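Below, each chain spelled out in residue letters.
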Amino acid sequence: MPKMDVIAMILAGGQGSRLGVLTKSVAKPAVPFGSRYRIIDFPLSNCSNSGIETVGVLTQYQPLALNTYVGNGHPWDLDRTNGGTFILPPYQRSGKSDWYKGTANAIYQNIDFIDDYDPKYIVILSGDHIYKMNYSKMISNHIERGADATLAVFEVPWEEAPRFGILNTTPDDIVEEFDEKPKKPKSNLASMGVYVFSWEVLREALIQDESDPKSDNDFGQNILPMLLAQKKKLCAYRFYGYWKDVGTISSLWEANMDILDRPEEINFMDRTWRVYSRNPVKPSHFIAEGAVVKNSALTDGCQIYGTVEHSVLSNSVTIEKGAIVRDSVLFPGVTVKRGAVLDKCIVGLDTVIGKNAKIGVTATGDSPYINKKICTDGIVVIERRLTIKKNAQIPAGCQIDQDVIVPEEQNVIENA
């Protein structure tokens, strides 16, 4: 096995429960995004563009779709003779099978894989963020400063800081404290979940952490505080581009809308830093005479006969004549029948919206499907492969779930 200076490990095994029915059958990194992408495309493309040739993708929850999508890494130019892309699920060892118990344990279970490449540095990445970042610059910064660990940080609005792991630093960006989701944050420097470690330092810390029965085996809660307690040199690396944690329905919807509203920040047309993806072969999209498409993104296989405004459509979406789609995100294969109106919705794979259905802010009445915990900001989210009844009224803030039992007169799902 050849020696590599740098390898990357992408943590892609999380369930993503805050995305509700969108991650009921697939891991969060496999969720569609931005018309022609999946969330996992961003760290994979960043690795490719940064010159990192060996990438491990650690999967666990509902891995089939993600494993199939990533494959051998060819779409991201990561299918290499020396190195390449490797799917790393939990595996049986010493007569038992261990699930990944936390982010640190996931890397610990793959120490042998990493040791085979004998790297000097290891890049740890989350598989559920939308951003374009040159990791090679961060690695150079890590080396120049003689750091044991370097953590990418992003300034978030102060009111959002309690949602993140927050770094408290000296004026020259030496990390003094890591505060996981503080109620009263001292800083607004949020950890991006992008770490560069000197492998010898991280390897030792992982082994120590695994020997502690009280540990949660987590980078934020355990590894970073351990390194700080050991007086290791941890540096913050400030990132100034576009970055979005798409861990909630609201943030996923916002990131899709940012493609339309902030194209200069999340620029998919930039040929110097492409976002690569694995796309099905489909015919060109078609916009019929009389159809209306305003400030929207759509891709191959879409057929538009109605009206689409400020929306993001994945491949093979059909909008029939007289249908209206506004401020919405439609996953592959969605069909919106005649007269239906969607307003601020995220609709899952292959779902059919029945004739004259009204979904979102235009709908009337109350609903047993309202889910204020998942569907904030008035967004409606609909599970994949459902058929919504014709004339259904689904008000803002609903999550339409096949497994939810409601009175028959209030059921909006056909053949449920």
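This one's a predicted model, so the numbers in the text were calculated from it and none came from an experiment.

## Points about the overall build of the protein
In terms of helices and strands, the protein carries eight helices and 32 strands. In terms of overall size, the protein behaves like a compact globule, its C-alpha atoms giving a radius of gyration of 22 Å where 416 residues would be expected to give roughly 22 Å. For the protein, the C-alpha atoms occupy an extent of roughly 65 × 50 × 45 Å along the three principal directions. Burial analysis of the protein (416 residues in total) assigns 56% to the buried set. Of the contacts formed within the protein by residues at least 6 apart in sequence, a portion of 60% connects residues at least 24 apart. If the 45 positive side-chain charges of the protein are averaged to one point and the 51 negative ones to another, these points end up 4 Å apart.

## Here's the deal with the side chain of S215
Residue position: S215 is located in the loop between helix 6 (199-210) and helix 7 (219-229). Of the polar contacts made by the side chain of S215, one reaches the side chain of D209; its length is 2.5 Å. Discounting chain neighbours no more than four positions away, the residues touching S215 are D209 and N222.

## A closer look at the sheet that holds strand 26 (residues 345-347)
Taken in spatial order, the five strands line up as 20-23-26-29-32 in an open sheet, and their pairing is parallel. Both edges of this open sheet fall to strand 20 (312-313) and strand 32 (399-400), since each of them pairs with a single strand only. Both strand 29 (residues 380-382) and strand 32 contribute to a ladder of two bridges, which runs parallel. If you follow V381 over to strand 32, its bridge partner there is Q399. The strands touched by helix 8 (residues 249-261) are strand 20, strand 23 (329-330), strand 26 and strand 29; relative to strand 26, the strand with the most contacts, the crossing angle is about 100°.

Rules behind the numbers
- Residues numbered from 1 in each chain as written.
- Predicted model: local features only at pLDDT ≥ 70, side-chain atom pairs only at ≥ 80, totals over all residues.
- Heavy atoms only, no water.
- Helix = DSSP H or I, 4+ residues; strand = E, 2+ residues; numbered from the N terminus.
- Rg over C-alpha atoms; globule rule 2.2 N^0.38 Å.
- Buried < 20%, exposed > 50% of the residue type's maximum accessible area, 1.4 Å probe, protein only.
- Contact = heavy atoms within 4.5 Å.
- Lys, Arg positive; Asp, Glu negative; His and termini not counted.
- Charge placed at Lys NZ, Arg CZ, Asp CG, Glu CD.
- Polar contact = N/O pair within 3.5 Å; in protein donor to acceptor, adjacent residues only side chain to side chain.
- Pairing = 2+ DSSP bridges.
- Axes fitted to C-alpha atoms, helices over the stretch in contact; angles between N-to-C directions.

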